[in-house]
Amino acid sequence: MSGPECCQNPPAISSGGDSGEVLQIASLNSYVSGKPDSKIAVLLVSDVFGYGAQKLRQLADKVASAGYYVVVPDFFYGDPMTPETKIDDWLKNHAPEQAIEFAKPVIQALKEKGITKIGAAGFCWGAKVVVELAKEAEIQVAAILHPSFVTLDDIKGLQVPIAILGAEIDKRSPPELIKEFEAALVANEVNHFAKIYPGVAHGWTVRYKDDNAAEVKCAKEAHQDLVDWFGKCL
């Protein structure tokens, strides 16, 4: 379920100027933004290009501006995908299932810090991590954006509220699959929000092209939908 779509339009890496800072949480370097004394945290789980992507950090700052303590962990321990890397080789060392165990100490550290509720959003590769954390009730609210690796059985195993933000043009999670996800959530009476954004492709929320007005518009719309979802459920 990986493929060229997961690697198109690699993001610029942040060179500073973000609102937050990099701290170590549990064993992971993490980009952190927002109020340190907030009782509500949001984890953002990156796509294959990692926690240093500039647009992802900008989104973290936007979510943090709504009052949350936002944490973007480096689940790849300094080894994100690069344009020179073959994704199938890279995934052998960075399966989403591995990151689930890396995430749990981060969540525990946040709880020890005084955090009482945790939401999480996963992008592409990160969607699988978020879904598994939700299935184990490690988080209270979930969101997945242009997911990869997530199956219908995964969705059927959920009980926590979840938002699913999909692209119209996406072989990894086509609109037909998103509709199946939504039907399963309806059948299981799980609080959810599902939306397919027209004219955009897999990865667009954090890899949109700045010179493509339609992509930028849809990305900003999805970002606001994400903030609104956490505002409704956290």
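See the structure printed just above.
All residue numbers refer to position in the chain's written sequence, counted from 1. A pLDDT threshold of at least 70 governs which residues receive local features in this predicted model, and a stricter bar of 80 or more applies before side-chain atom pairs are shown or counted, although totals over entire chains, interfaces and linings include all residues. Only hydrogens and water are set aside; all other atoms, that is, all heavy atoms of the structure, feed into the side-chain values.

Axis definition: a line fitted to C-alpha atoms, over the contacting stretch in the case of helices. Angles run 0 to 180 degrees between N-to-C directions. Helix numbering and strand numbering both begin at the N terminus, where a helix is a DSSP run of H or I of at least 4 residues and a strand a DSSP run of E of at least 2. Axis separation between helix α3 (residues 96–112) and helix α4 (residues 125–135) bottoms out at 9 Å; the angle between their running directions is 60°. The pairing of α3 with α4 is recorded here as oblique in orientation. Crossing of α3 over α4 shows right-handed handedness. Of the residues in α4, those touching α3 at P96, E97, A99, I100, A103, K104 and I107 are W125, K128, V129, E132 and L133. The class makeup of the residues in the contact of α3 with α4 is 8 nonpolar, no polar and 4 charged. These descriptions rest on fixed angle ranges, namely under 35 degrees for roughly parallel, over 145 for roughly antiparallel, 65 to 115 for roughly perpendicular, and the rest for oblique. By the definition used in this description, the sense in which the near helix is turned from the far one sets the handedness, with an anticlockwise turn below a right angle giving left-handed and a clockwise turn giving right-handed. Pairs of residues are marked as contacts when any of their non-hydrogen atoms sit within 4.5 Å. When residues are sorted by character, Ala, Val, Leu, Ile, Met, Phe, Trp, Tyr, Cys and Pro go into the nonpolar class, Asp, Glu, Lys and Arg into the charged class, and all the rest, Gly among them, into the polar class.

Before going further, it helps to examine the packing of helix α1 (residues 54–64) against helix α8 (residues 213–233). For any two helices packed against each other, one specifies the crossing angle of their axes together with the interaxial distance. Between α1 and α8, the shortest axis-to-axis distance is 10 Å and the interhelical angle comes to 40°. Considered as vectors, α1 and α8 are oriented oblique to each other. In this structure, α1 crosses over α8, and the sense of that crossing is right-handed. Residue-level contacts link L59, K62 and V63 of α1 to H223, Q224, L226 and V227 of α8. Tallied by class, residues from the contact of α1 with α8 come to 4 nonpolar, 2 polar and 1 charged.

Under the scheme applied here, a residue whose accessible area is under 20% of the maximum for its type counts as buried, over 50% as exposed, and between as partly exposed, the area being computed with a 1.4 Å probe on protein chains only. Of all 11 residues in α4, 10 are buried, a share of seventy percent or more. Taken together, the buried positions of α4 are W125, G126, A127, K128, V129, V130, V131, E132, L133 and A134. Once α4 ends, the next one or two residues include A137, with phi positive near 60°.

Let us now look at the pairing of strand β6 (residues 141–145). The buried fraction of β6 amounts to 5 of the 5 residues, a majority that puts the element mostly inside the structure. On β6, burial covers both faces: V141, A143 and L145 on one face and A142 and I144 on the other are all buried. When the strands point away from the viewer and the path from the first strand over the helix to the second turns clockwise, the crossover is right-handed. Following the chain from strand β5 (residues 117–123) across α4 to the adjacent parallel β6, one finds a crossover that is right-handed.

Across the sheet, 8 strands lie side by side as β1-β2-β4-β3-β5-β6-β7-β8; this open sheet has mixed pairing. Among the strands making up the open sheet, the edge pair consists of β1 (21–25) and β8 (192–201). When strand polarity is set aside, the average angle formed by the axes of neighbouring strands in this sheet is 25°. Following DSSP output, two strands are said to pair if at least two bridges run between them. Sheet topology places strand β7 (residues 162–169) next to β8; 7 bridges connect them, and they run parallel. Bridge pairing in β8 places A167 opposite Y197.

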